[in-house]
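Now for the letters of each chain:
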Amino acid sequence: MLPTPLHPSHDREIESLAEFDEVVSAGGSLAGFRVQAVDLTGRTRDLLAVDATDAVFLGCPMEPEAAARVRLSGALVFPPVPGLPLDPYRGRLYSPAELFASLDAGYESTPDARAYDWFRRTRADGDIFASTIRALHDDSVSDAFDELLVGVRVVGVMGGHATARGTEAYAGAARLGRTLARSGLTVATGGGPGAMEAANLGAYAAPFDDGMLDEALRVLAAVPSFTPSVTDWARAAFEVRERWPSGGPSIGVPTWFYGHEPPNAFAAHIAKYFANATREDGLLARANAGVVFLPGAAGTVQEIFDNATPNYYGSRGEPTPMVLVDRAHWTERFPAWELLKSLARERAMESRIALVDGVDDAPQALKHLGG
């Protein structure tokens, strides 16, 4: 299981009403704290009395007299932004239930779809206010992401969105996610459909007997792709979650930049970004146990070399393992392996790369490389 995020006494951040009450009752002071997206309309009495010197309130609803009082006490108050389909100051990563709320009314009604619609509209008009909101949101997500992963060994699984449910490639990616999770690693993917969904599904299936994954794959195969209906595709995933609740945790890191690709419902924690560059670099940088690259096209090729560059220069410390899966794919169809080998030659990363024939070989290769 992933650990509980840092206690506010360690990071000076308050991200829930329970944390707020604990800090106030323990010391009676909010001096220097950062309070993120906590509804404080019921805590006026506390706010009128507490020391808020150098505190920062990010998107916290509060009564006008309370807001005036903490400002006078020396706090900086960023009020909630009305009319948004998301909270730019959020203190936690998303959950599938949060992003897919209202799915019964169709995917278009969900917070995920509404956020994408807002992004498309505001990106087109170049509004500095909207771009500031997106930057605040993405930074808040990164902060929550880092808090979640303290002390966690993360393995990235990269692969294409086009891998359909019901195929052997999808089943193989699911087995990979299950094996990696059972070995004690936390699986992190790009959070979308295809191979990404399959790896998150495998991690979800890790606590159950092997037959559960086989049955789940059969359920999902009835809706092979998120096209033509994201609604039907997502409902099939939630059917699996309802039949087998309390699956294993994993992480998805999708983006509204590719909003036509919905997030998958099998990652327990979803770090969804507006900026794709922030999303991709952040995912690879946090994969401290290495990355497995399943067959993919342009996006996966880009991710291989996004990961290879810091390994080449040592800019993040010791190189992390890189395992490419499917020899024919990476030597013939998209011959990234030869270039990767050339880059790695006589560098510290040379002993941290591997090419394997099939997906079932990847976990052992990763272990051999030190993942």
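All of the points below concern the structure found in this document. Counting of residues starts from 1 at the beginning of each chain's written sequence and follows it residue by residue. Owing to the predicted nature of the model, reporting of local features is limited to residues with pLDDT of at least 70; listing and counting of side-chain atom pairs is limited to 80 or more, with chain, interface and lining totals taken over all residues. With hydrogens and water stripped out, all remaining heavy atoms of the structure feed into the side-chain values.

Strand pairing requires that DSSP identify at least two bridges connecting the strands. In this text, helices come from DSSP runs of H or I with a minimum length of four residues, and strands from runs of E with a minimum of two, each type numbered from the N-terminal end. An order of β8-β7-β6-β5-β9-β10-β11 is seen for the seven strands of this open sheet, with the pairing classed as parallel. The outermost strands of the open sheet, each flanked by one partner alone, are β8 (269-270) and β11 (353-356). With three bridges joining them, strand β9 (residues 291-293) and strand β10 (residues 322-325) adopt parallel strand pairing. The residue bridging Phe293 from the neighbouring strand is Leu324, located in β10.

Right, let's get into the side chain of His329. Position of His329 among the secondary structure elements: in helix α14 (residues 327-333). On the basis of relative accessible area, His329 is assigned to the buried category, the value being 8%. Within the structure, the side chain of His329 is placed 2.7 Å from the backbone oxygen of Gly296, a separation counted as a polar contact. Contacts were defined at the residue level, with two residues in contact if any of their heavy atoms lie within 4.5 Å. In this structure His329 touches Pro295, Gly296 and Phe334, once residues within four positions along its chain are discounted. Partly exposed residues are those whose accessible area sits between 20% and 50% of the maximum for their type, while under 20% is buried and over 50% is exposed, using a 1.4 Å probe and protein chains only. Pairs of N or O atoms within 3.5 Å make up the polar contacts considered here, provided that, within protein, one atom can donate a hydrogen while the other can accept it, and that residues adjacent in sequence are counted only when both atoms are side-chain atoms.

Turning our attention to helix α15 (residues 336-344). Burial in α15 covers these residues: Ala336, Trp337, Leu340 and Ala344. Axial view of α15: buried residues confined to an arc of 95 degrees, hence all on one face. Following α15 by one or two positions, Glu346 has its phi on the positive side, about 65 degrees. It is the directions from the helix axis to the C-beta atoms whose arc is reported.

Attention shifts here to helix α12 (residues 276-286). Among the residues of α12, Asn276, Arg279, Glu280, Gly282, Leu283, Leu284 and Arg286 are the ones counted as buried. Buried positions along α12 lie against α7 (128-148), β5 (154-158), β6 (186-189), α9 (195-205), β9 and α13 (298-313).

The next subject is the packing of α13 against α15. To obtain each axis, a line is fitted to C-alpha atoms, and for helices this fit is confined to the stretch in contact; angles are then taken between N-to-C directions over 0 to 180 degrees. It is at 11 Å that the axes of α13 and α15 come closest, and there the two elements cross at 10 degrees. By the angle between their directions, the pair α13 and α15 is classed as roughly parallel. Side by side, α13 and α15 meet where Ile304, Phe305, Ala308 and Tyr312 of the first sit next to Ala336, Leu339, Leu340 and Leu343 of the second. For this classification, under 35 degrees means roughly parallel, over 145 means roughly antiparallel, 65 to 115 means roughly perpendicular, and everything else is oblique.

Taken in spatial order, the four strands make up an open sheet running β1-β2-β3-β4, and their pairing is parallel. In this open sheet, the two edge strands, each paired with only one partner strand, are β1 (13-14) and β4 (76-78). As judged from the two bridges shared by β1 and strand β2 (residues 34-36), these two strands associate in the parallel manner. Looking at the pairing, Glu13 lines up with Arg34 of β2.

Using a grid of 1 Å spacing that covers the protein atoms alone, one calls a set of points a cavity when a 1.4 Å probe fits there but cannot get out, and a pocket when the set is open and has protein on both sides within 12 Å along at least five of seven lines; lining residues are those with an atom within 4 Å of a point. Grid points are joined across faces, edges and corners, and a volume is the space filled by probe spheres set on the points. The calculated volume of the largest pocket comes to roughly 410 Å³. Surrounding the largest pocket, 25 residues form its lining, Gly159, His161, Met196, Glu261 and Gly299 being those nearest its centre. Of all the elements, α13 adds the most residues to the lining of the largest pocket, at five residues. Only Asp, Glu, Lys and Arg are considered charged in this grouping, and only Ala, Val, Leu, Ile, Met, Phe, Trp, Tyr, Cys and Pro are considered nonpolar; every other residue, Gly among them, is considered polar. For the lining of the largest pocket, the residue count by class is ten nonpolar, eleven polar and four charged.

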